[in-house]
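Chain residues, written in single-letter form:
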Amino acid sequence: MSVKITEADLEAALPDVTTTMRFAGIRRPVEVYRDRWGIPHIKAENENDLFFAQGFVTAQDRLWHMDADRHRALGRWAEFVGPTGVAQDRLLRAAGMGRTAKLDYEIASPEARVMVDAYTAGVNAYLDTLQTVPIEYTLLDQTPERWENWHCLAVYKIRNTLLGTFEPKLYRMRLAKTLGPERLAELMKGYPSGHLLTVPPGEVYEGTPLQGLDELSEAAGAANWLDEVDAGSNGWSISGELTESGLPLVGGDSHRALDTPSVYYQVHLSCPEFTVIGHAVPGMPGALHFCHNEHVAWGMTHGGADTQDLFIERFREAPNGREYLFKDEWRPAEVLDETIEVRGADAVPLEVTITHHGPVVAGNPASGAGITISDPGLIAGSIWVDAARDAMRSRSVDELHDAFRNWTDRVNNYAVADVHGNFGYLHEGKIPIRPESNGWRAVPGWTGEYEWNGYIPHDELPKAINPDTGYAVTCNQRVAGHGYPYYVGLSFTPEYRARRVQTRILSLAPGTATVADMARIHAERVSNPARIFTEALVRITPLDDDSEEALGLLRTWNYSMDRDQPQPLIYSKTKTYVIRFLLDHLMGDMAAEIFSGAAGSDAHARQIVVRMNQELEGGDSSLLPHGHDWSDVLTSALRSAVTDLKAQLGDDMSKWKWGQLHRTRSQHPLSAVFPEFAELLDPLSVPTHGDGDTPLAGSYALHNEFIATGMSVNRYIHDPSDWTNSRWIVPLGASGHPGSSHYADQAEMWANVEYIPQLWDWNQISAEAESYQCIEPVESG
């Protein structure tokens, strides 16, 4: 069907946010104030009504967003986007987020289920009164389906569960086979010695480099017979001894791919039992992370823990069905026959095979072999929804830690502080106890040698409460030292961002720190790797006048990845050429696909870049081919980089700006399906500071040069001394409707590292509200 839409159609699709609504699902009136940024502040007289209203209000603003995530989670994305969604649907249908979401709901406490049920009722109340559908349904010629309670859990899981380690493990097997285990072991050295740890704050890692030759040899062998086998954040808290108020401060931001609409939904929820303000996942009740209630604040970063193991399974076809081998016995495998419906194409049949390790995600069980994934959030139900509910009610850092005892999906780092003066760091989630071998590769599933032995006890997870350093910093760096008794993971982000945050904190004089100082940490864009690289680069003898001019600019640079400066362009483009040279040398035939962003390859490319920085700083050249030194590699790379940049940006280097090429490119998920409407659906591109090594994040993929994709999807500052001082910002806006004035009204402030107030006082909220809506019970009689 051919469809046409205009800006007038976008405006006509906006929800009614002022008319009083009446429903049988609530007991007392609920007030909904939207502030001048369209952020809802919801005030109810009981918890049930609060979550009912949150479901209703979220559907008003984000119904399409919720539905898109539901379709992804359930492996139904191809129903919206056609054949391009089939590969994703195969993986997610096999992984079984819908199956485990149902189990999560079933074992949740009655109180947690009531929360989910009330939210679900609110969503469906909106569907029952829908006067106009979001514009996406018009494009697709579809109508939204009813919301079910377990859908809430599924949409949360799609945003978190697969932020794991299974793809790098699969890719590592291919690398071991192609490059040879000896060569790969030489490249994979793990977290660098001397880099900052999270716990204890301020201390550095002193362990030895990884020794993975034996494991990689096993991986190469496994890949020989399984040939058919073919996503960072900042947070910190500081002591009241450092602050002007005498109480701690929390700051941070979550780094993820820039989604359209914004991945998180700003919301303020209040009832007599609790009040919380923060970032919600549309479709899931509450505000789970990056939030505070009346007593405690918590920010979150990805914990980096390896919680996804891959097991190589042996299958056979028996008279009673498919079986898999385990400890010399053949066990029955569960086999599900499913169908993927595809927009504009024939349906695709899918067979899902499940063992006690989990579902098969690679290989072909019908031919005798497959790889299953074990993940705490995918193999059984867990009561993480109770943890989310209890966290919102916590009254101190200790109570928050206890609430997270039941947390599962995903293992997170938390920077925390409370009104009692406590501050610090928590590492929360389920980390299985098993051998380190499981971290290197897919391990044999049939021997029983690599089974999980429970989870790391909650009280033994790394934490630092009120550390003597006066601060805690979590920027995805290694969590604990070499002596920590449990295997947590092989791969962590280098210290670069954490070290810049620490430097900023250490510059604070006691008794002076304010919210403005926390904002300056957010804006930190000096790059330590840029300093290392540039100090080596300026020592070369240039090959031509253009290279000499570029070096002159670099000699005056302070290593700030500022969008208005030319030096970040020269540094970044030169580095790209060096990385390409290294990948070609070290990765051989696999270099091209690594450079093109093959799934699982990025973690291995990062290891090489870290090694490059170490060698440039330490004078080593073991990464380079025989007959080369860093001087000739850098010299050639600089000349190529300057030639490219002149062709793109002109001859006058002084007029080049990082932000000319380093920009956002937010894309609505349907603009690729309907490119003729991309201009109406996609927010404007904005130039940004930073890169992947600076606290002010702006990472980009090797295959999509300088387009900022890994960004701060929120920034927040929480002040327990006066919650009205708190600040936040997101890269787009509160609304998911392209026709709304709040679709991307925070984008320019976000790009400028500015904030909007996190409104807390109800007198101010009501006095300054842009709109007001009352949701009332249906009158009896």
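Report on the accompanying structure. From a predicted model like this one, the values you see are computed outputs, not experimental measurements. (Residues numbered from 1 in each chain as written. Predicted model: local features only at pLDDT ≥ 70, side-chain atom pairs only at ≥ 80, totals over all residues. Heavy atoms only, no water.)

**Section: the overall build of the protein chain**
A tally of helices and strands in the protein chain yields 26 helices and 27 strands. For 781 residues, the compact-globule estimate of 2.2 N^0.38 gives 28 Å, and the C-alpha radius of gyration of the protein chain, at 26 Å, lies within 12% of that figure. Expressed along its principal axes, the backbone C-alpha trace of the protein chain runs to roughly 90 × 70 × 60 Å. Per-residue burial over the protein chain gives 62% buried out of 781 residues. Here the protein chain has roughly 28,500 Å² of accessible surface; of this, 47% comes from carbon and sulfur atoms. Between the centroid of the 65 positive side chains of the protein chain and the centroid of its 107 negative side chains there is a distance of 1 Å. (Helix = DSSP H or I, 4+ residues; strand = E, 2+ residues; numbered from the N terminus. Rg over C-alpha atoms; globule rule 2.2 N^0.38 Å. Buried < 20%, exposed > 50% of the residue type's maximum accessible area, 1.4 Å probe, protein only. Areas by Shrake-Rupley, 256 points an atom, 1.4 Å probe, with all protein chains shown as cover. Lys, Arg positive; Asp, Glu negative; His and termini not counted. Charge placed at Lys NZ, Arg CZ, Asp CG, Glu CD.)

**Some points on the pattern of salt bridges**
Summed over the entire model, instances satisfying the criterion amount to 36 salt bridges. Where R28 meets E45, a salt bridge forms, and the shortest distance between an N and an O atom there is 3.1 Å. Pair noted here: R28 is in the loop between β1 (21-23) and β2 (30-34) and E45 is in the loop between β3 (40-43) and α2 (47-73), with a separation of 17 residues, a long-range link. A salt bridge links R93 to E338; the shortest N-O distance between them is 3.1 Å. Salt bridges sharing common partners tie together D69, R72, R159 and D259. (Salt bridge = Lys/Arg side-chain N within 4 Å of Asp/Glu carboxyl O.)

**What about the environment of P319?**
By the secondary structure assignment, P319 is in the loop between β10 (309-318) and β11 (321-326). Measuring from C-alpha to C-alpha, the distance between P319 and E460 comes to 47 Å, with 141 residues separating the pair along the chain.

**Some remarks on the pairing of strand β12 (residues 329-332)**
As paired elements, β11 and β12 share four bridges and run antiparallel to each other. The residue bridging L325 from the neighbouring strand is W330, located in β12. What sits between the antiparallel neighbours β11 and β12 is a turn of two residues, in which K327 has the positive phi angle 50 degrees. (Pairing = 2+ DSSP bridges.)

**Here we look at the sheet that holds strand β7 (residues 274-280)**
Taken together, the 11 strands give an open sheet; going across it, the order is β1-β27-β2-β3-β6-β7-β8-β9-β17-β18-β20, and neighbouring strands pair in mixed fashion. Each end of this open sheet is capped by a strand with a single partner; those strands are β1 and β20 (463-465). The mean inter-strand angle of the sheet, taken between neighbouring strand axes irrespective of direction, is 20 degrees. In this structure, β7 lies alongside strand β8 (residues 289-293), joined through three bridges in antiparallel fashion. Across the sheet, residue V276 finds its bridge partner in β8, namely N293. (Axes fitted to C-alpha atoms, helices over the stretch in contact; angles between N-to-C directions.)

**Here's the deal with the packing of helix α5 (residues 97-107) against helix α8 (residues 149-158)**
In contact at an axis separation of 8 Å, α5 and α8 are set at 125 degrees when each is read in the N-to-C sense. The pairing of α5 with α8 is recorded here as oblique in orientation. Here the hand of the crossing between α5 and α8 comes out right-handed. From α5, M97, G98, T100, A101, K102, D104 and Y105 reach across to α8, where they touch N149, W150, L153, A154, K157 and I158. The residue makeup of the contact of α5 with α8, split by class, is seven nonpolar, three polar and three charged. (Parallel < 35°, antiparallel > 145°, perpendicular 65-115°, else oblique. Left-handed = near helix turned anticlockwise from the far one by under 90°. Contact = heavy atoms within 4.5 Å. Nonpolar A, V, L, I, M, F, W, Y, C, P; charged D, E, K, R; others polar.)

**So, the environment of E524**
By the element assignment, E524 lies in the loop between α16 (515-522) and α17 (528-537). The class of E524 is buried, set by a relative accessible area of 3%. Remark: the alpha-carbon pair of E524 and F595, spanning 71 residues in sequence, is separated by 28 Å. Setting aside its immediate chain neighbours within four residues, E524 contacts R500, R504, T694, P695 and L696.

**Some details on the sheet that holds strand β26 (residues 756-757)**
If you trace the six strands from one edge of the open sheet to the other, you get β21-β4-β5-β24-β25-β26, paired in antiparallel fashion. Pairing within the sheet leaves two strands with one partner each, and these edge strands are β21 (471-474) and β26. Sheet analysis places strand β5 (residues 249-257) next to strand β24 (residues 710-718), joined by eight bridges and oriented antiparallel. Note that in β24 the partner of D253 across the bridge is R715. On the sheet, helix α15 (residues 496-506) packs against β4 (233-238), β5 and β21 and is oriented at approximately 160 degrees with respect to β21. The sheet contacts of α16 involve β4, β5, β24 and β25 (727-729), and relative to β24 the element is tilted by about 170 degrees.

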